[in-house]
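Reading the structure
One-letter residues, chain by chain:
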Amino acid sequence: MLNLVLFGPPGAGKGTQSQKLIEKYGLIHLSTGDILRGEITQGTTLGLEAKKLMDDGKLVPDEVVIGMISNKLDANPDAKGFIFDGFPRTVAQATALDTLLEEKSTAISGMIALVVDDEELEKRLLERGKTSGRPDDANPEIIRKRINEYNTKTTPVAEFYKNQNKFTSINGVGSIDEIFTEISAVTEGY
Ligand code: B4P
């Protein structure tokens, strides 16, 4: 199986590049952000709880997102592989993911990190906020809080995969197609 983790700060291009990877490799896309927004749209109890945290730029509790991913893995027993987009975002999530995949006799093939500076991130997210209707994209203060959450809680996840020799970082600034060519070259090596 080909199991990729796409990594990077909010607005780095994870969701954008995931769409292209799905088309090319036929993988199942697991975006915890998309799954959480689906829960919000359906008005579930989980969605109502998550909305407060997401609108404020904070992470949702680990046990919630780990449970969601576990359900999605179980629901796709015949998958050729998965793209994990926006997950894992903490070391606890990364550890849990290794265990879940081990139970299915598979593992992460590699993590690809997109490197983008804070100024560019803020610009992209505010631009998306004009049309996305996402409250977390509309306010520069919330965007900075999300970047801060990433710097404090999520960057240690890169170390986790470096220790397993599964980490590659690439420049996330440039055209979407140029970046995809680089991601594809790394993926071919898995
Ligand atoms: P996510 O949905 O993961 O939100 P994101 O980081 O903003 O998305 P992404 O990074 O994929 O966007 P993209 O760059 O593609 O999370 C939202 C919230 O959900 C979190 O803050 C948290 O509260 C919660 N959450 C999610 N997962 C969680 C977890 N595991 N644990 C706890 N909480 C969790 O796109 C950004 C914009 O840039 C787009 O408009 C795109 O068009 C543009 N863009 C992309 N590539 C570009 C390029 N090369 N050049 C110019 N623009 C580009």
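What comes next concerns the included structure.

**Regarding the overall build of the protein chain**
Summing up its helical and strand segments, the protein chain has 10 helices and 5 strands in all. Seen through its C-alpha atoms, the protein chain measures out along the principal axes to roughly 40 × 40 × 30 Å. Relative to its 190 residues, the protein chain shows a buried fraction of 47%. Considering only contacts in the protein chain between residues 6 or more positions apart, those separated by 24 or more positions represent 74%. Roughly 9,400 Å² of accessible area belongs to the protein chain as shown, and the carbon and sulfur atoms make up 51% of that amount. Averaging the locations of the 22 positively and 29 negatively charged side chains of the protein chain gives two centres separated by 2 Å.

**Some words on the site of the ligand**
In the vicinity of the ligand lie 30 residues, with G13, T32, R37, K58 and R146 positioned nearest. One nitrogen or oxygen atom from the side chain of T16 is found 3.0 Å from an oxygen atom belonging to the ligand. Here V60 contributes a backbone N or O atom positioned 3.0 Å from a nitrogen atom of the ligand. Listing elements by their share of the shell around the ligand, those giving two or more residues are helix 1 (14-25), helix 2 (32-42), helix 6 (118-132) and helix 10 (176-188). Looking at the shell around the ligand element by element, the count peaks at 4 residues for helix 2.

**Describing the packing of aromatic side chains**
Taken as a whole, this structure holds 3 aromatic pairs when the rule is applied. Relative to F84, the ring of F82 lies with its centre 6.0 Å away and its plane at 35°, an arrangement referred to as tilted. Here the basic side chain of K20 rests over the ring of F180, its NZ or CZ set 5.4 Å away from the ring centre. A cation over an aromatic ring shows up here: K162 above the ring of F167, its NZ or CZ 4.9 Å from the ring centre.

**Section: the pairing of strand 3 (residues 81-85)**
Of all 5 residues in strand 3, 5 are buried; the element is thus mostly enclosed. By the alternation rule, side chains of strand 3 split into G81, I83 and D85 and F82 and F84, which are all buried. Looking at chain direction, strand 1 (residues 2-7) and strand 3 are connected through 5 bridges and run parallel. Paired with V5 across the strands is F84, a residue of strand 3.

**A closer look at the side chain of R146**
Here R146 is to be found in helix 8 (residues 140-154). Taking relative accessible area as the criterion, R146 reaches 11% and is therefore assigned buried. The residues contacting R146, other than those within four sequence positions of it, are P10, G57, L125, R128, R134, D136 and D137.

**Description of helix 2**
For helix 2, the complete set of buried residues consists of T32, G33, I35, L36 and E39. All buried residues of helix 2 fall inside an arc of 165° around its axis, so they share one side. For helix 2, the exposed residues set more than 90 degrees away from the buried face come down to T41 and Q42.

**Regarding the pattern of salt bridges**
Under the definition given, this model contains 18 salt bridges. Members of the salt-bridge network, linked through shared partners, are R128, R134, D136, D137 and R146.

**Examining the environment of A12**
The topology assignment puts A12 in the loop between strand 1 and helix 1. Residue class for A12 comes out buried when judged on its relative accessible area of 3%. Through-space distance from the C-alpha of A12 to that of K24 is 20 Å; in sequence the pair is 12 residues apart. Ignoring anything within four residues of it in the chain, the contact list for A12 reads L114, V116, L121, R124 and G172.

**Here's the deal with the sheet that holds strand 1**
Reading across the sheet, the 5 strands line up as 2-3-1-4-5 and stay open at both edges, with parallel pairing between neighbours. The sheet is open, and its two edges are formed by strand 2 (28-31) and strand 5 (167-171), each paired on a single side. Going from strand to strand, the sheet's axes swing by 20° on average, the running direction of each strand aside. With 4 bridges joining them, strand 2 and strand 3 adopt parallel strand pairing. Across the sheet, residue H29 finds its bridge partner in strand 3, namely I83. Against the sheet, helix 10 touches strand 1, strand 4 (110-115) and strand 5, its axis set at about 160° to strand 5.

So, how was this worked out
- Residues take numbers from 1 onward in each chain, read along the sequence in its written order.
- Predicted model: local features are reported for residues with pLDDT of at least 70 only, side-chain atom pairs are reported and counted for 80 or more only, and whole-chain, interface and lining totals are derived from all residues.
- With hydrogens and water excluded, all non-hydrogen atoms of the structure serve as input to the side-chain values.
- Helix and strand assignments follow DSSP, with helices taken as H or I runs no shorter than four residues and strands as E runs no shorter than two, numbered in order from the N terminus.
- Think of it in three bands: with a 1.4 Å probe and only protein chains considered, a residue is buried below 20% of the maximum accessible area for its type, exposed above 50%, and partly exposed in between.
- In this analysis, two residues are considered to be in contact whenever any of their non-hydrogen atoms come within 4.5 Å of each other.
- To be clear on the numbers: accessible area is Shrake-Rupley with a 1.4 Å probe, and residue cover counts the displayed protein chains and nothing else.
- Counted charges follow a simple rule, with Lys and Arg positive, Asp and Glu negative, and His plus the chain ends left uncounted.
- Here the site of a charge means NZ on Lys, CZ on Arg, CG on Asp, or CD on Glu.
- The nearness test applies per residue and asks whether one of its heavy atoms lies within 4 Å of the molecule or strand.
- Between N or O atoms, a polar contact is any pair within 3.5 Å; within protein, one atom must be a potential hydrogen donor and the other a potential acceptor, and residues adjacent in sequence are included only when both atoms are from side chains.
- Between 30 and 60 degrees the pair is tilted, below 30 it is stacked and above 60 it is edge-to-face, where a pair is any two Phe, Tyr or Trp rings, Trp via its six-membered ring, whose centres lie within 6.5 Å.
- A ring has a charge above it when a Lys NZ or an Arg CZ is no more than 6 Å from the ring centre and no more than 35 degrees off the ring normal.
- A pair of strands is labelled paired if DSSP reports no fewer than 2 bridges between them.
- This arc is taken over the directions from the axis of the helix to the C-beta atoms.
- By definition here, a salt bridge exists when the distance from a side-chain nitrogen of Lys or Arg to a carboxyl oxygen of Asp or Glu is within 4 Å.
- A fitted line through C-alpha atoms represents every axis, and for helices the fit uses only the stretch in contact; the resulting angles, taken between N-to-C directions, go from 0 to 180 degrees.

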